[in-house]
Amino acid sequence: MDYTHLGTSGLKVSRIALGCMSFGDTSRGFSEWALDDDAAAPMFRQAVELGITFWDTANAYSDGHSEEIVGRAIKELATSRDEIVLATKVFMPITGTPGGLSRKAIMNAIDASLTRLGTDYIDLYQIHRWDPHTPVEETMEALHDVVKAGKVRYLGASSMWAWQFSKAQYTGRTRFVSMQNHYNLLNREEEREMLPLCADQGVGVLPWSPLARGRLARPWDSTTTRSESDVFGKTLYDDSDASIVAALAKVAAGRGVPMAQVAIAWLLSRPTVTSPIIGATKVAHLEDAVAALALELSDEEISALEAPYTPRPVSGFA
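Quantities reported herein were computed from a predicted structural model and do not represent experimental measurements. (Residues numbered from 1 in each chain as written. Predicted model: local features only at pLDDT ≥ 70, side-chain atom pairs only at ≥ 80, totals over all residues. Heavy atoms only, no water.)

Chemist: Would you mind going over the packing of helix α5 (residues 162-171) against helix α6 (residues 194-201) with me for this structure?
Modeler: The angle between the axes and the distance between the axes are what describe a pair of packed helices. Relative to each other, α5 and α6 sit at 20°, their axes nearing to 9 Å. One finds that α5 runs roughly parallel with respect to α6. For the pair α5 and α6, the crossing hand works out as right-handed. Taken together, the residues of α6 that come into contact with α5 (itself represented by Ala-162, Phe-165, Ser-166, Gln-169 and Tyr-170) are Met-194, Leu-197, Cys-198 and Gln-201. In the contact of α5 with α6, the residues fall into six nonpolar, three polar and no charged. (Axes fitted to C-alpha atoms, helices over the stretch in contact; angles between N-to-C directions. Helix = DSSP H or I, 4+ residues; strand = E, 2+ residues; numbered from the N terminus. Parallel < 35°, antiparallel > 145°, perpendicular 65-115°, else oblique. Left-handed = near helix turned anticlockwise from the far one by under 90°. Contact = heavy atoms within 4.5 Å. Nonpolar A, V, L, I, M, F, W, Y, C, P; charged D, E, K, R; others polar.)

Here it is in structure tokens:
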């Protein structure tokens, strides 16, 4: 495993992050493909064995159950809490809370997340989306206060417009060190504004859905249980992306490696990208991601992967 600092902060993270949205309780109405404690256990063990110490979840994943599973896994597998760089998020409504980024919402959410995670601090606390109904000054002051209270070590943000991120960054007394955004071979619109902004501000980039909900890991016309039931995922990509997947398949075949390795290697070659977030449901998913660290793509291969791309509407903010 390789390790690097998150942006220009002092926080060191593994270059592959374990995404924990796939872990939860199907009885809470999250998704039929969610993995409970027993099913998720092999992914956590594999992550530890591979040196993936950066784990990302959110209070909204499976209505809080993902945080509970992650907290139990840390207690079981880590010899100390400090071994894991733990990230979670705030904004989305969950049972009993309206969500948002008001002072009340943030103060309630941080304590609830700490309880579910079974820890007294979170390494990276991320706003899951922009809140248009709360003054940014109120949000950033509340986030500063949870840092000063020792409940949070660093702040991060997730998908929003670059002007919104810039406004928040220049408002807060504690600044964001990361941006978790929708970025992969099928959606490169962040290259226009957000990625240059992150580079200028020394902000690390943590792409979510680096394999485009699995679209970059298999032939375009194949399906999975998740792809058939993933309502949100169906809003992100369409048949116009098939040519990119075909180009990816050709490069992967030429290298003799899985498509997923090439897709992640492309992301890792981007100068602003710190750690792609891998939402593993099988141990092979993490193995492919880690193998991508050693896969150096040539300029010709990168050009072949990027050539079919055409501009498209920004997606993933909802």
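So much for the structure itself; the text now carries on.
Chemist: When you look at the pairing of strand β8 (residues 176-180) in this model, what are you seeing that I'm missing?
Modeler: The side chains of a regular strand alternate between the sheet's two faces. Most of β8 is tucked away, with five of its five residues classed as buried. Across four bridges, the pairing between strand β7 (residues 152-158) and β8 is parallel. What sits directly across from Leu-155, in β8, is Phe-176. This β-α-β element, β7 to α5 to β8, shows right-handed connectivity. Across two bridges, the pairing between β8 and strand β9 (residues 204-205) is parallel. (Buried < 20%, exposed > 50% of the residue type's maximum accessible area, 1.4 Å probe, protein only. Pairing = 2+ DSSP bridges. Right-handed = clockwise from strand over helix to strand, strands pointing away.)

Honestly, it's all geometry; don't read function into it.
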